Amino acid sequence: MANINFVKEGKEAIAADGANLRLKALENGIDLYSVFGKMMNCGGYGQCGTCIVEIVEGMENLSPRTDVEKRKLKKKPDSYRLACQTLVQGSVSVKTKP
């Protein structure tokens, strides 16, 4: 089991190992999307890049960046991930809409 701490929202979610970060955020009422992202998100397929989050702590507890993430985030800091492509395997702290 993993704890996901959403820093800006002051909320914590519990996830099974291997849980998808985007799905756990949405299940727990965490808003990942800006105005544009709310209207234009791809539904978790990694195509739009609107579910970007910043990993504050616990990067080692996440799946490696996918090829999709490498393309979408190539000019972003290493701490940025696409929530839809990220699997949680341990405790992490996340900033939404960095």
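Above this note sits the structure.
Rules behind the numbers
- Residues numbered from 1 in each chain as written.
- Predicted model: local features only at pLDDT ≥ 70, side-chain atom pairs only at ≥ 80, totals over all residues.
- Heavy atoms only, no water.
- Helix = DSSP H or I, 4+ residues; strand = E, 2+ residues; numbered from the N terminus.
- Rg over C-alpha atoms; globule rule 2.2 N^0.38 Å.
- Buried < 20%, exposed > 50% of the residue type's maximum accessible area, 1.4 Å probe, protein only.
- Contact = heavy atoms within 4.5 Å.
- Areas by Shrake-Rupley, 256 points an atom, 1.4 Å probe, with all protein chains shown as cover.
- Pairing = 2+ DSSP bridges.

If you tally the helices and strands in the protein chain, you get three helices and seven strands. Reading the helices (α) and strands (β) of the protein chain from amino to carboxyl end gives β-β-β-α-α-β-α-β-β-β. Against the 2.2 N^0.38 benchmark of 13 Å for 98 residues, the protein chain shows a C-alpha radius of gyration of 12 Å, consistent with a compact globule. Along the first, second and third principal axes, the C-alpha atoms of the protein chain reach 30 × 25 × 20 Å. Within the protein chain, the proportion of its 98 residues that are buried is 42%. Pairs at least 24 residues apart make up 59% of the contacts formed inside the protein chain by residues separated by at least 6 positions. As displayed, the protein chain offers around 5400 Å² of accessible surface, 51% of which is attributable to carbon and sulfur atoms.

When you line up the elements, S93 lands in strand β7 (residues 92-96). Remark: the alpha-carbon pair of S93 and E54, spanning 39 residues in sequence, is separated by 8.6 Å. With near-sequence residues (within four places) excluded, S93 lies in contact with N5, V7, E54, I55, V56 and E57.

With a phi angle near 45 degrees, K97 is a residue other than glycine that sits in the positive phi range. Structurally, K97 can be placed in the segment after β7.

Before going further, it helps to spend a moment on the pairing of strand β1 (residues 2-6). Burial along β1 is one-sided: A2, I4 and F6 are buried, and none of N3 and N5, which face the opposite way, are. Here five bridges tie β1 to strand β2 (residues 11-15), and the two strands are oriented antiparallel to one another. When the bridges of β2 are listed, N5 appears paired with E12. Hairpin remark: β1 followed by β2, antiparallel, with four residues in the connecting loop; positive phi at G10, about 65 degrees. For β1 and β7, the ladder comprises three bridges, and the chain directions are parallel. Its bridge partner being in β7, F6 is matched across the sheet by V94.

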